[in-house]
Amino acid sequence: MNEPAATALRTVSHDLPITPEFERFMAGGWAATPLPGDIRLPVADLAAARRAKLSARFPGERLIVPAGELTVRSNDCDHRFRPHSAYAWLTGLTGEEQAGHVLVMEPDGPHGHEAVLHLRPRSPRVGEEFYRDRRYGEFWVGRRPDLAEAERMTGIRCTALGDPGPLPPGRNASSDAELAAVLSELRLIKDAWEVAQLQLAVDHTTAGFEDVVRALPRALAHPRGERWIEGVFGLRARAEGNGTGYETIAASGAHACVLHWIRNDGPLDAGELLLLDAGVETDTLYTADITRTLPLSGRFSPVQRQVYELVLAAQEAGIAALKPGASFRDFHRAGMRVIAEGLAEWGVLADAEGDFHRRYTLCSSGHMLGLDVHDCAQARADVYLDGVLEEGQVLTVEPGLYLQPDDETLPPGLRGIGVRIEDDLVITAEGARLMSGALPRTPDAIEAWMGELLGG
């Protein structure tokens, strides 16, 4: 496969010129530094089985799954790279060095497909790349495996980018809707290894929420306390995993009524709530997705508790609806029925019928979870959104109430309160297992937990 033009040697105008003498000097005197012999990825055999499932869906067709390309952030600085989830799922390769790499499933007659990885191998110690290329050079961004090492890691035949010339046409996951849909649908049911990775992500996220509570006194004192919260959680995410699985939402007060508030530039007020929606992504790229709404004083006010308890009741109804064979949408319907009835009891709605409650809930109440925070999003509706739940699926249940500060249909005391409670669950033969149960959900338990962490 030809090397894309964008991957040519990257230097900048202020780099010093290279003399022939210096180039010859740099070409020698380097010790061999092979990777250890036992470098096979723990997930390599599972990835091979996944490729076999994909192969069976497209007999005789060439399938192309790119890892993706680097994207410029500013001038000669790129955004941090994360490989495409389908590429990671099929290869087990998750590192930043995968930028530009491509998995090709070549038709192989009666054997289905042969997987071939087209990758950029380790920089040779000749030429300028290894010490001058700011984008790919080993001395700038770190060591890549050579071809033999990459084959040992993955069990996949590997070839260098630039060999063996341009690929013939095939289905490309970045542009072929059917291939993208099938790749999403094959990932709907998680194997035991994936569930374990998701549980690890959840456990690290739980620790991150504890860090945040301990940091509240300093955050409350800072003029951009929301950003302090974001930073505290981000430290845990980078220390324990690859980082956050999505941009952290640290929304205080009325900011919690903005569903994806990621500016996180506001102060914290001890009399208000903090809606924290955050997840650690593991080194294998599986992410948690948890939300807690916490009283910044450590205690819910009566009206805050009133709103929180309605959302909690909706979440409990949603969780109770999870079981194999249930419609995916059943848990949302169950939760929204509770919300509508509660709003009617408060006098906000005339009755619980119709869809007027959606003014205050705005979105659905959950989604699949895995390599992507909104996992398997390219799956066809009849398989996912209009399909049924199956054992091994992992999803979130996250009802919310977003009572806008300028909404005149609400009594003044309710305006500006946003509450979301989100947990991660795996569907089991009996129903569902709460993976994030280590974080308290009831108002009393939250107050006790916060008091313990704050030493109160």
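Just so we're clear, the structure is a prediction, and the values are computed from it rather than from any experiment.

Counting 92 residues, the largest nonpolar core has Leu54, Leu103, Ile229 and Leu401 as its most contacted members. Among the elements that make up this core, the one with the highest residue count is helix H8 (residues 192-214) (seven residues). The residues touching leucine 401, leaving out its near neighbours within four places in the chain, are Val307, Leu310, Val311, Ile339, Leu343, Trp346, Tyr360, Thr361, Ile417, Gly418 and Val419. The next biggest cluster of nonpolar side chains, apart from the first, holds 16 residues, and it includes Leu188, Cys376, Ala379 and Tyr384.

Pairing between the strands of a sheet comes from backbone hydrogen bonds, and it takes one of two forms, parallel or antiparallel. Here we have three strands laid out as an open sheet, ordered S9-S10-S12, and antiparallel in their pairing. Single-partner strands in this sheet number two, and they are strand S9 (249-252) and strand S12 (290-295). Adjacent strand axes in the sheet meet at a mean angle of 10° when their direction is disregarded. The sheet contact formed by strand S10 (residues 273-278) and S12 spans six bridges and is antiparallel. Following the sheet pairing, leucine 274 is matched in S12 by leucine 294.

We now examine the packing of helix H11 (residues 302-320) against helix H12 (residues 330-346). Following both chains from N to C, one finds H11 and H12 inclined at 150°, their axes separated by 7 Å at the closest point. When the interaxial angle is binned, H11 and H12 end up roughly antiparallel. In the crossing of H11 with H12, the sense of the turn from one axis to the other is right-handed. The segment H11 lies against H12, with Gln306, Val307, Leu310, Val311, Ala313, Ala314, Ala317 and Gly318 engaging Phe331, Ala334, Gly335, Val338, Ile339, Gly342, Leu343 and Trp346. The residue makeup of the contact of H11 with H12, split by class, is twelve nonpolar, four polar and no charged.

The next subject is the environment of valine 126. Here valine 126 shows up in the loop between strand S5 (113-119) and helix H4 (129-132). In the structure, valine 126 is positioned 116 residues away from asparagine 242 in sequence and 32 Å away in space, judged by C-alpha atoms.

Tallied over the entire structure, the rule returns two cavities of 30 Å³ or more. There is about 70 Å³ of room inside the largest cavity. Around the largest cavity, the lining residues are Leu93, Glu97, Gln98, His101, Leu119, Arg120, Pro121, Arg144, Pro145, Ala150 and Met153. For the second largest cavity, the full set of lining residues is Met336, Thr361, Cys363, Ser364, Ser365, Glu398, Pro399, Gly400 and Tyr402. For the lining of the second largest cavity, the class distribution of residues is four nonpolar, four polar and one charged.

Calculation notes
- Residues numbered from 1 in each chain as written.
- Predicted model: local features only at pLDDT ≥ 70, side-chain atom pairs only at ≥ 80, totals over all residues.
- Heavy atoms only, no water.
- Core = buried A, V, L, I, M, F, W, Y, C linked by side-chain atoms within 4.5 Å.
- Buried < 20%, exposed > 50% of the residue type's maximum accessible area, 1.4 Å probe, protein only.
- Helix = DSSP H or I, 4+ residues; strand = E, 2+ residues; numbered from the N terminus.
- Contact = heavy atoms within 4.5 Å.
- Pairing = 2+ DSSP bridges.
- Axes fitted to C-alpha atoms, helices over the stretch in contact; angles between N-to-C directions.
- Parallel < 35°, antiparallel > 145°, perpendicular 65-115°, else oblique.
- Left-handed = near helix turned anticlockwise from the far one by under 90°.
- Nonpolar A, V, L, I, M, F, W, Y, C, P; charged D, E, K, R; others polar.
- 1 Å grid on protein atoms, 1.4 Å probe; cavity = no way out; pocket = protein on both sides within 12 Å on 5 of 7 lines; lining within 4 Å.
- Points joined across faces, edges and corners; volume = space filled by probe spheres on them.

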